[in-house]
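# Secondary and tertiary structure notes
Below, each chain spelled out in residue letters.
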Amino acid sequence: MAGEEQLVEVEGRTLRLRNLDKVLYPSTGTTKGELLHYLTGVSHVLLPHLKDRPATRKRWPDGVGAGTTFFEKNVPRGAPSWLRDVTLPAPGSTKDREMVTYPLIDDLAGLVWAANLAALELHVPQWRVGARGAAKDPDLLVIDLDPGAPAGLPECAEVALAVRRKLEDDGLHAHPVTSGGKGMQLYAAVSGRQDAVTVREYVHRLAEELERELPRLVVSRMAKNLRKNRVLLDWSQNHSAKTTICPFSPRGRERPTAAVPRDWDEVEQPGALRQLEFGEVLERVQDTGDPLAGLLPGPSQAGRGPRVPT
């Protein structure tokens, strides 16, 4: 029954779970218990993308479409003592005087802890922290494709293919992810030996170049009045202070969708491309695993991917 508590053991950690029957997605009746089922089923592919990345959570305590929702960066009061964390300067704080203590969600118990707090979305930066807790240079670049109505996924797919060609010309290999929202993200591994400013400026130049080549389809500027029926190629996500939805993370949308890595064969058939829900993602993971596995770092972050042109 709603309101009940359960003590569960997850990989040797004891957690107190509440309200597992609580509906978090009213349009489908999807409950917190079903959210936990999804996260458990994708944990082996989700956790490597979260590893060593400070996690910003977006929480819906009363479910989507009800009550308040908010982003949470700091570890909240009452967090378990075993939860890993890292303290870093707050984004935009003057002279790094303000600090934030972020959780590092790198095991199934951490995922269950976050889900119990109705953290439906997990957002991470494109850099990791090292053994001493300092931020490294980014090991990924990300390009967020954000369509302005009436544009949607078909237009994003067309832009994604154009971006893919540009990146390949520079020795970078793009991997598509449908966001679970309106659009897509493209990821590429980079060397880990260039700072975020360098990566961001490279993506900004690429976005401006595509805007010139495809002016009816692509926009690189952030002004909302320019986005109608065009796709914003959001280069700003590569700022060191920015985060992007983590691959395989749930989304707090009307339906229980998730950010899902896709194959280029799917992107080349844009009429059939759509956002996927929990059950579909679980089936895909069981069948094909993680198409983004090649992006994950080995023993050393540096030297994994190519340097971006400067």
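Description of the structure in this document.

What counts and what doesn't
Residues numbered from 1 in each chain as written. Predicted model: local features only at pLDDT ≥ 70, side-chain atom pairs only at ≥ 80, totals over all residues. Heavy atoms only, no water. Helix = DSSP H or I, 4+ residues; strand = E, 2+ residues; numbered from the N terminus. Expected span 1.5 Å × (residues − 1). Buried < 20%, exposed > 50% of the residue type's maximum accessible area, 1.4 Å probe, protein only. Pairing = 2+ DSSP bridges. Core = buried A, V, L, I, M, F, W, Y, C linked by side-chain atoms within 4.5 Å. Contact = heavy atoms within 4.5 Å. Polar contact = N/O pair within 3.5 Å; in protein donor to acceptor, adjacent residues only side chain to side chain.

### Regarding helix α3 (residues 153-169)
Across its 17 residues, α3 extends 24 Å between first and last C-alpha, which sits within 8% of the 24 Å expected from 1.5 Å per residue. Restricting attention to buried positions, one finds in α3 the residues Leu153, Cys156, Ala157, Val159, Ala160, Ala162, Val163, Lys166 and Leu167. Phi for glycine 171, located one or two positions after α3, is positive at around 80°.

### Here we look at the sheet that holds strand β15 (residues 244-245)
Within the open sheet, the four strands sit side by side as β6-β5-β9-β15. Their pairing is antiparallel. If you trace the sheet from one side to the other, it starts and ends with β6 (70-72) and β15, each paired once. Relative to β15, strand β9 (residues 119-124) runs antiparallel, the two sharing two bridges. Residue pairing in the sheet places valine 124 in a bridge with threonine 244 of β15.

### Observations concerning unusual backbone geometry
Residue proline 150 follows alanine 149 across a cis peptide bond; omega there is 5°. Tracing the backbone through its elements, the reader meets proline 150 in the loop between β10 (140-147) and α3. In this model, aspartate 52 sits at a positive phi of 65°, which is unusual for a non-glycine residue. The class of aspartate 52 is buried, set by a relative accessible area of 17%. If you check the backbone angles, phenylalanine 248 has positive phi at about 80° while not being a glycine. Structurally, phenylalanine 248 is set in the loop between β15 and β16 (257-258). Taking the relative accessible area as the measure of exposure, phenylalanine 248 reaches 2% and is therefore buried.

### Focus on the nonpolar core
In this structure, Tyr38, Leu46, Leu50, Leu111 and Val281 are the most contacted members of the largest nonpolar core, which totals 42 residues. Among the secondary structure elements, those contributing two or more residues to this core are β2 (13-18), β3 (23-25), α1 (32-50), α2 (108-116), β9 and α6 (278-288). Of the residues forming this core, the biggest block, nine residues, is contributed by α1. When sequence neighbours within four positions are dropped, the list of residues in contact with leucine 46 reads Leu39, Leu111, Leu122, Cys246, Pro247, Phe248 and Ser249. Judged by nonpolar contacts, the second largest core, of 32 residues, contains Ile143, Cys156, Leu167 and Leu217.

### Remarks on the side chain of glutamate 72
Locating glutamate 72 in the fold gives a position in strand β6. Overall, the relative accessible area of 14% leaves glutamate 72 in the buried class. At 3.1 Å, the side chain of glutamate 72 and the side chain of arginine 59 are in polar contact.

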